[in-house]
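Structure at a glance
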Amino acid sequence: MAERLIFPDAYAAADLLTFAGRASRAGDGAVHLRAAGGTLLTAAAPLVRQGLLDATPTIIGMRALPVDPEVECDLVVEGVLLQAAPGRPDAIALPETAVQPPLWAQAEIPRSGWADVGELASAMLAERGQWGMSAVAHALPIDPGAEVVHTVRGHVWSQPDEDLGGMPRGVAFVAMTLGFLAGDAERARVRTNGRWTRIALRRGHVLWRGPAHVGMTGVRATGRVTAG
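Residues numbered from 1 in each chain as written. Predicted model: local features only at pLDDT ≥ 70, side-chain atom pairs only at ≥ 80, totals over all residues. Heavy atoms only, no water.

1. Things to note about the sheet that holds strand E8 (residues 115-121)
What the 8 strands build is an open sheet, ordered E5-E2-E3-E4-E11-E10-E9-E8; its pairing is antiparallel. Strands at the two margins of the open sheet, each flanked by one partner only, are strand E5 (73-78) and E8. When the angles between neighbouring strand axes are averaged without regard to direction, this sheet yields 25 degrees. As paired elements, strand E9 (residues 187-193) and strand E10 (residues 196-201) share 5 bridges and run antiparallel to each other. Bridging from a neighbouring strand, Arg 191 pairs with Arg 198 of E10. Helix H1 (residues 10-24) rests against strand E2 (30-36), strand E3 (39-47) and strand E4 (59-66) of the sheet, and its axis sits at about 170 degrees to E4. (Pairing = 2+ DSSP bridges. Helix = DSSP H or I, 4+ residues; strand = E, 2+ residues; numbered from the N terminus. Axes fitted to C-alpha atoms, helices over the stretch in contact; angles between N-to-C directions. Contact = heavy atoms within 4.5 Å.)

2. Quick notes on the pairing of E2
Within E2, 5 of the 7 residues are buried, which leaves it mostly tucked inside the rest of the structure. The pairing of E2 with E5 spans 6 bridges and is classified as antiparallel. Counted as the bridge partner of Ala 35 is Cys 73 from E5. Pairing geometry for E2 and E3, over 5 bridges, is antiparallel. Pairing of Arg 34 across the sheet is with Leu 41, part of E3. Hairpin connection between E2 and E3: a loop of 2 residues separates the two successive antiparallel strands, and Gly 37 in this loop has a positive phi of roughly 60 degrees. (Buried < 20%, exposed > 50% of the residue type's maximum accessible area, 1.4 Å probe, protein only.)

Worth remembering: the numbers are spatial, not functional.
Here's what the structure looks like:
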């Protein structure tokens, strides 16, 4: 595969490293890279379902970056292994080998046919994400094992949240974890296509494939802190 990705400037290259660094600290740490026509789509899944009995929802975060138009790729790498190319601040060196694409990276996300169903305030996403993190911390016993941590996280982040239009609370976690929340004044567009729901923010998109259509409820300017 290609040895490196070349970007228009050092800022775009650093953006990819920031995204990969955030992704490597959550979920399976994998980053899906797809480049064509001068655009690099980067995707990660900070929340990943593991097994039939796992309550954790699989929720994907995606960000688009400008890249050299001649670069074409479609591969999955470990985010932690991406690094700046020596002597090229505008380029990112790729690992010597890719990894087997996880199931979330193989999902066929619709490219068209999305319908607007509502909006969400960025402040609401931040609030519900912070509430969920606090709920996870309070529910964990002292010195929990990895299995207990995963179970508690799965329960908290899988719960449908009224303040998020009935979507699982995990969409707020993914938006926060990947740095998509730019400011409280932003309003994210919510769109659906079949079982897919997408929250479109300026810094990236959060995608969730639910069991059924999500009916957006009224969006509040502020939300009460409840167990939701």
